[in-house]
Amino acid sequence: MKYLVLGNGPAGVVAAETLRRTDPQGEIVMVGSEGVPPYSRMAIPYFLENNIGEPGMYLRKSADHFSSLGITERAGKAVKLDTDARTVHYADGSSETYDRLLIATGSRPVNPPIPGLDHPLVQNCWTMADARAITALIKPGARVLQLGAGFIGCIIMEALAARGVDLTIVEMGDRMVPRMMTAKAGGMIKKWVEKKGVRVRTSAGVKSIDAVTPENKGVFGKLMDGILGRDSKPAVDAPLAVTLSTGEVLPCDVVIVAAGVVPNLDFLAGTPIEQGRGIRVDDGMRTNVEHVYAAGDVAEGRDFFTGEPLVSAIQPNAADQSRVAAVNMAGGDAQLPGVLPINVLATLGLISTSFGQWWGMEGGDNVEHVDEENSHYISLQFEGDVLVGATSVGMTQHVGVLRGLIQSRTKLGHWKDVLMKSPTRFMEAYLGVTQNASAQLVN
Ligand SMILES: Cc1cc2nc3c(=O)[nH]c(=O)nc-3n(C[C@H](O)[C@H](O)[C@H](O)COP(=O)(O)OP(=O)(O)OC[C@H]3O[C@@H](n4cnc5c(N)ncnc54)[C@H](O)[C@@H]3O)c2cc1C
């Protein structure tokens, strides 16, 4: 049996190792396209903050880890898949057959069509190569404009701030992390980062990025003068002038683009593999084509509650899905009961979370507790007496309980009424319902 694992990020690595445990004899080939040892993108912020070097980003520490498990590592970029001939074609003209294929090719940044985005001082923050480029470009005090304040944008922001840059965030949405947090929570995060000295422009886009030249320096210099505040470097020194949809023109040394990601699917063109936003998979990570599986950022599973297709681009999901895929590739029967949206974020020290259907359900009940002064917030969403979603800001204690209640679809009974009056009492509610359930078991 030959297993081919396309991609050597967290999904690929966990799958290859699980395959080896499940099938000690099979041939396993794991393919990476970035020319570096398997690493975790999650570690990039720590690298940017200078807390770790490159080896600190590697997923496995010893150089012979995979060979000692009998896993063959191969460098290659898949450009075509022939599912009839069970063959993957690579960019260098070579090809490889498989008996079972796992597609774990992850995702890549999307860059909006903005004039000037191809300037060398404009950078994504997605790969190890990007991280190297950013550390070379950004010096303390540099005027950095970050485009996008989503999940990844907020994580990068923390690392950039730690490098001592003069930071401006521009977000199209009306709040920070608009696809992860309620309006109130996103607004509180914005206020928090502004208090920490980061400029935030919401409901704004970048219209153009212009290199400042001797010819346009006079015009841009006047437009930008004083716009970043008195403590900033003189605008006229800036190599870039960034024009926002609001009309503001900001002087910049570097632009970081974090405007979202798309799954790496190009090489599937012409195959019968069903795709939505990602590769459609069932609860066993099988695609609609026999012997082809998908896991991680590239896969589209189903939402735990709604059953709607969902790409959950977070690392724990990549690991869970690839474990299930590997067991099934080796002949087992493992299932994931849908994907529960889980978001945990630290933004300049402020912890925020959202779980499940945090935006609520039609006809459901909800309650919100807001303490602006202490940056504390909680919102709970119910369907009947079952908690289906929650958002929190500034709460570090016991928030995992919210996830537990949502995932177990626990019937809260009278505790729902307690929570509707006092939503912060969720720990008591959890203990109340779980102790009641164990008492009933004993009796
Ligand atoms: C800066 C940053 C911070 C993050 N922080 C967090 C966090 O705090 N928590 C969290 O849960 N998630 C975080 N993430 C997201 C997390 O990294 C991803 O969810 C995770 O990497 C997904 O794993 P994956 O294996 O599916 O994909 P990837 O890690 O993207 O790996 C895909 C692999 O496939 C290879 N590949 C791509 N195309 C091809 C091809 N055509 N042929 C062969 N190989 C190919 C790539 O080279 C890559 O090695 C962060 C991401 C970034 C960029």
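As the structure is a prediction and not an experimental result, all values here were calculated from the model. (Residues numbered from 1 in each chain as written. Predicted model: local features only at pLDDT ≥ 70, side-chain atom pairs only at ≥ 80, totals over all residues. Heavy atoms only, no water.)

Engineer: Outline the overall build of the protein chain, listing residues and values.
Structural biologist: When helices and strands are tallied, the protein chain shows 11 helices and 26 strands. Taken against the 2.2 N^0.38 rule, which gives 22 Å for 443 residues, the C-alpha radius of gyration of the protein chain at 24 Å falls within 12% of a compact globule. Projected onto its principal axes, the C-alpha coordinates of the protein chain cover approximately 70 × 65 × 40 Å. In the protein chain, which comprises 443 residues, the share counted as buried stands at 53%. A fraction of 63% describes how many contacts in the protein chain between residues 6 or more apart in sequence connect residues 24 or more apart. Accessible area of the protein chain: about 19600 Å², with a carbon and sulfur share of 51%. Separation between the mean location of the 41 positive side-chain charges and that of the 48 negative ones in the protein chain comes to 3 Å. (Helix = DSSP H or I, 4+ residues; strand = E, 2+ residues; numbered from the N terminus. Rg over C-alpha atoms; globule rule 2.2 N^0.38 Å. Buried < 20%, exposed > 50% of the residue type's maximum accessible area, 1.4 Å probe, protein only. Contact = heavy atoms within 4.5 Å. Areas by Shrake-Rupley, 256 points an atom, 1.4 Å probe, with all protein chains shown as cover. Lys, Arg positive; Asp, Glu negative; His and termini not counted. Charge placed at Lys NZ, Arg CZ, Asp CG, Glu CD.)

Engineer: Talk me through the sheet that holds strand β14 (residues 240-244); I want residue IDs and the actual numbers.
Structural biologist: Strand order in the open sheet made by the three strands is β13-β14-β15, with antiparallel pairing throughout. Strands at the two margins of the open sheet, each flanked by one partner only, are β13 (206-211) and β15 (249-252). Across the sheet, the mean angle from the axis of one strand to that of its neighbour is 25 degrees, orientation sign disregarded. In terms of strand pairing, β13 meets β14 through five bridges, oriented antiparallel. Directly across from V206, in β14, lies its bridge partner L244. Across the sheet, helix α7 (residues 217-224) is in contact with β13, β14 and β15; its angle to β15 comes to roughly 105 degrees. (Pairing = 2+ DSSP bridges. Axes fitted to C-alpha atoms, helices over the stretch in contact; angles between N-to-C directions.)

Engineer: Quick rundown of the nonpolar core? Include the residues and the values.
Structural biologist: In terms of nonpolar packing, the biggest core is built from 46 residues, with L81, V88, L101, L102 and I103 touching the most fellow members. Elements with a contribution of two residues or more to this core: β1 (2-6), α1 (10-22), β2 (27-32), β4 (78-82), β5 (87-90), β7 (100-103), β19 (292-294) and α8 (315-329). Aside from chain neighbours lying at most four places away, what touches I103 is L6, L81, F267, L268, I273, I279, V292, Y293, A294, A295 and V298. One finds M128, I169, M188 and Y377 within the second-largest nonpolar core, a separate group that totals 42 residues. (Core = buried A, V, L, I, M, F, W, Y, C linked by side-chain atoms within 4.5 Å.)

Engineer: How would you sum up the site of the ligand? Please name residues and give values.
Structural biologist: If you check the shell around the ligand, you find 29 residues, and the closest are N8, S33, A78, D297 and Q315. In this structure, an oxygen atom belonging to the ligand sits 2.8 Å away from a side-chain N or O atom of S33. One of the backbone N or O atoms of I314 is found 3.5 Å from an oxygen atom in the ligand. Summarising the interface, the protein chains cover 94% of the accessible area of the ligand, which totals 990 Å² for the free molecule. At the level of elements, α1, α5 (151-162) and α8 are the ones that each hand at least two residues to the shell around the ligand. Across the shell around the ligand, the residue classes break down as 14 nonpolar, 11 polar and four charged. (Near = heavy atom within 4 Å. Polar contact = N/O pair within 3.5 Å; in protein donor to acceptor, adjacent residues only side chain to side chain. Nonpolar A, V, L, I, M, F, W, Y, C, P; charged D, E, K, R; others polar.)

Engineer: Any details on the sheet that holds strand β10 (residues 143-147)? Residues and values, ideally.
Structural biologist: Pairing between the strands of a sheet comes from backbone hydrogen bonds, and it takes one of two forms, parallel or antiparallel. The sheet built from five strands is open, its strands ordered β9-β16-β10-β11-β12 with parallel pairing. Edge strands, defined here as strands with exactly one partner in the open sheet, are β9 (122-124) and β12 (199-201). For this sheet, the mean inter-axis angle between neighbouring strands, taken without regard to orientation, is 20 degrees. Across three bridges, the pairing between strand β11 (residues 166-170) and β12 is parallel. Opposite V170, over in β12, you have R201 as the bridge partner. Against the sheet, α5 contacts β10, β11 and β16 (254-257), and its axis sits at roughly 170 degrees relative to β10.

Engineer: With reference to specific residues and values, describe the pairing of β10.
Structural biologist: With five of five residues buried, β10 lies mostly within the body of the structure. The alternating pattern of β10 places R143, L145 and L147 and V144 and Q146 on opposite faces, both of which are buried. Bridge analysis of β10 against β11 gives five bridges, and the strand direction is parallel. Within β11, the position partnered with Q146 by the bridge is I169. Each parallel crossover has a hand, and the one from β10 via α5 to β11 is right-handed. In the sheet, β10 pairs with β16 via four bridges, with the strands oriented parallel. Counted as the bridge partner of Q146 is I256 from β16. (Right-handed = clockwise from strand over helix to strand, strands pointing away.)

Engineer: Explain the side chain of K2 residue by residue, including any values.
Structural biologist: Mapped onto the elements of the fold, K2 is located in strand β1. Residue K2 is classed as buried on the basis of its relative accessible area, which comes to 13%. Contacts of K2, omitting those with residues within four sequence positions, involve E27, V29, E96, T97, Y98, D99 and R100.

Engineer: Can you lay out α5 for me, pointing to particular residues and giving the numbers?
Structural biologist: The terminal C-alpha atoms of α5, which comprises 12 residues, lie 18 Å apart, in line with the 16 Å expected from a rise of 1.5 Å per residue. Two residues or fewer past α5, G164 is found with a positive phi of approximately 75 degrees. (Expected span 1.5 Å × (residues − 1).)

Engineer: Any chance you could break down α7 for me, citing the residues and the numbers?
Structural biologist: Among the residues of α7, those classed as buried are F220, G221 and M224. Down the axis, α7 shows its buried residues gathered within 105 degrees of arc, on one side only. Seen from the open side of α7, the exposed residues pointing more than 90 degrees away from its buried face are V219 and K222. Buried-residue contacts for α7 involve β13, β14 and β15. (Arc of directions from axis to C-beta.)

Engineer: Mind laying out the environment of S40, listing which residues take part and the relevant values?
Structural biologist: Position of S40 among the secondary structure elements: in the loop between β2 and α2 (44-48). In this structure the C-alpha to C-alpha distance between S40 and P55, which are 15 residues apart in sequence, comes to 11 Å. When residues no more than four places from it in sequence are discounted, the contact partners of S40 are M57, L59 and Q315.

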